[in-house]
Amino acid sequence: MSDFTNGFWPWYVAAISLVSILACAWLLWVAGKARVSAHPGQSGQASDNTTGHVWDEDLRELNNPLPLWWMWLFILTVVFALGYLVVFPGLGSFPGLLKWSTEAEHTQDVRQVRAQVAPLYAEFTAQPVEALVRDPRAMAIGERLFMNNCSQCHGSDGRGSKSYPNLTNANAAWLGQRSAEHIVQTVTNGRTGVMPPMGAAIGGEAEISELANYVLSLSGSPHNEIKAYSGKKKFSACAACHGVDGKGNKALGAPNLTDDYWLHGWGEAAIANIVKNGKTNVMPAQSPKLTAEQIHVVSAYVLSLSGSSFPASSGAAAPGIKPN
Ligand code: HEC
Ligand code: HEC
């Protein structure tokens, strides 16, 4: 149970715990025996059992021993503390007689919950991901899995943000195919999108600006016609990945540049930047955190986000979804 990095600390912690408890016991013993004596020159202490302190002319402090019930309560706490340290972990790296640990308790809880939901998940995994989209129970669980594991990057509504893909998009705007297979595979193993730096292949600032305007023209975004015209021929350097028509290549994860959905930001400056510096975009594998069954269910939920017949429980189907 011990996470101490150095053999000295368990002893240090154990010594502080024991010394504190024993000091309490000692304090109790001393306080039980000792009497406060009157200040020299003050009278009456021995005869009337007061400490000799007087307030407000006649208010005197009695010098009685601690009440017995209070003493016993204190002794009990000391005994309890020692007993606790024998049974539970607390004395340095000594695990305690019960060998209890928060980690074991958590593992036990997780195992229990998984056993409870196993029959439900078995029912879900017996169906293909596409069919689960119509099962409201699976969607309710899928939504929770999404909120806990995906929303920090893809947003609680799945619409993503700069460099984190919008999962409510139609297929054309996805990096891969909007399919159960692609989603399960991405969630399980993660993915890395790599666009290499292409500045040197294109030329100077002027050439890159021309090319960027051509890329903007592909989606009908505002652009400079003359620059776009000159930039067109330079696009041949990009065609291997993004296609001659700029519609992308899902097998390579090269996005469609004609759909007016900009994963890494819109406008000439953003495009010039990615051409010069490239981009490496990583989604971490989720398989260390989620079971295959959970991935099955959350993938169905993602499919439901991107325009299926099932209305997401958080509200109406997201607006702006274009048909495939
Ligand atoms: C740490 C941030 C992060 C988390 C957490 C995360 N993702 Fe992603 N996800 C990304 C990034 C970044 C990409 C884009 C990778 C690329 O550019 O190739 C991505 C891509 C995807 C894609 C592919 C989209 C496409 O257009 O092809 C899917 C599907 C996806 N994520 C689903 C999920 C689901 C479901 C979860 C939760 C189980 C999740 N992600 C958790 C960052 C994250
Ligand atoms: C080796 C393949 C490859 C080549 C060559 C390539 N790209 Fe890319 N490009 C990619 C990939 C992959 C991504 C997506 C990176 C990610 O997953 O986030 C991308 C992303 C982009 C984006 C961002 C799109 C968005 O939605 O924000 C733009 C713009 C872009 N490329 C333009 C170009 C231009 C212009 C050229 C030619 C100079 C070019 N690319 C050459 C593979 C390539």
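Residues numbered from 1 in each chain as written. Chains lettered and ligands numbered in written order. Predicted model: local features only at pLDDT ≥ 70, side-chain atom pairs only at ≥ 80, totals over all residues. Heavy atoms only, no water.

Going by what an unreviewed UniProt entry lists, the protein chain is known as Cbb3-type cytochrome c oxidase subunit and is assigned to Polaromonas jejuensis. You can read under Subunit (unreviewed entry) in the UniProt record for the protein chain the words "Component of the cbb3-type cytochrome c oxidase." Taken verbatim from the UniProt record of the protein chain, the Function (unreviewed entry) comment is "C-type cytochrome. Part of the cbb3-type cytochrome c oxidase complex." (UniProt positions renumbered as here; feature names shortened; annotations may be inferred.)

## Structural notes on the site of ligand 2
Taken together, the neighbourhood of ligand 2 is formed by 24 residues, with Met195, Cys238, Cys241, His242 and His264 sitting nearest. The contact in question runs from a nitrogen atom of ligand 2 to an N or O atom on the side chain of His242, over 2.8 Å. In the environment of ligand 2, an oxygen atom lies 3.4 Å from a nitrogen or oxygen atom belonging to the backbone of Tyr261. Listing elements by their share of the shell around ligand 2, those giving two or more residues are β3 (191–195), α10 (205–218), α12 (236–242) and α13 (268–277). Ranked by the residues each element gives to the shell around ligand 2, the list is headed by α12, at four residues. Here the shell around ligand 2 is built from residues that sort into 19 nonpolar, five polar and no charged. (Near = heavy atom within 4 Å. Polar contact = N/O pair within 3.5 Å; in protein donor to acceptor, adjacent residues only side chain to side chain. Helix = DSSP H or I, 4+ residues; strand = E, 2+ residues; numbered from the N terminus. Nonpolar A, V, L, I, M, F, W, Y, C, P; charged D, E, K, R; others polar.)

## Observations regarding the packing of α10 against α13
Where α10 meets α13, the axes come as close as 9 Å, and the angle between the chain directions of the two elements is 120°. By the angle between their axes, α10 is oblique relative to α13. In this structure, α10 crosses over α13, and the sense of that crossing is right-handed. Between α10 and α13, the residues in contact are Glu205, Ile208, Ser209, Leu211, Ala212, Asn213, Val215 and Leu216 and Glu268, Ile271, Ala272, Val275 and Lys276, respectively. Split into classes, the residues belonging to the contact of α10 with α13 amount to eight nonpolar, two polar and three charged. (Axes fitted to C-alpha atoms, helices over the stretch in contact; angles between N-to-C directions. Parallel < 35°, antiparallel > 145°, perpendicular 65-115°, else oblique. Left-handed = near helix turned anticlockwise from the far one by under 90°. Contact = heavy atoms within 4.5 Å.)

## Some words on the coordination of the iron atom of ligand 2
Each protein donor to the iron atom of ligand 2 is listed here as Met195 (SD) and His242 (NE2); together their distances run 2.0 Å. Around the iron atom of ligand 2 sit six donor atoms; with metal-centred angles ranging over 87 to 179°, the donor geometry is octahedral. Of this pair, Met195 sits in strand β3 while His242 sits in helix α12, and the two are 47 residues apart along the sequence. (Donors = N, O, S within 2.8 Å, 3.2 Å for Na, K, Ca; no water. Tetrahedral: all angles 85-135°; square planar, octahedral: opposite > 155°, others 65-115°.)

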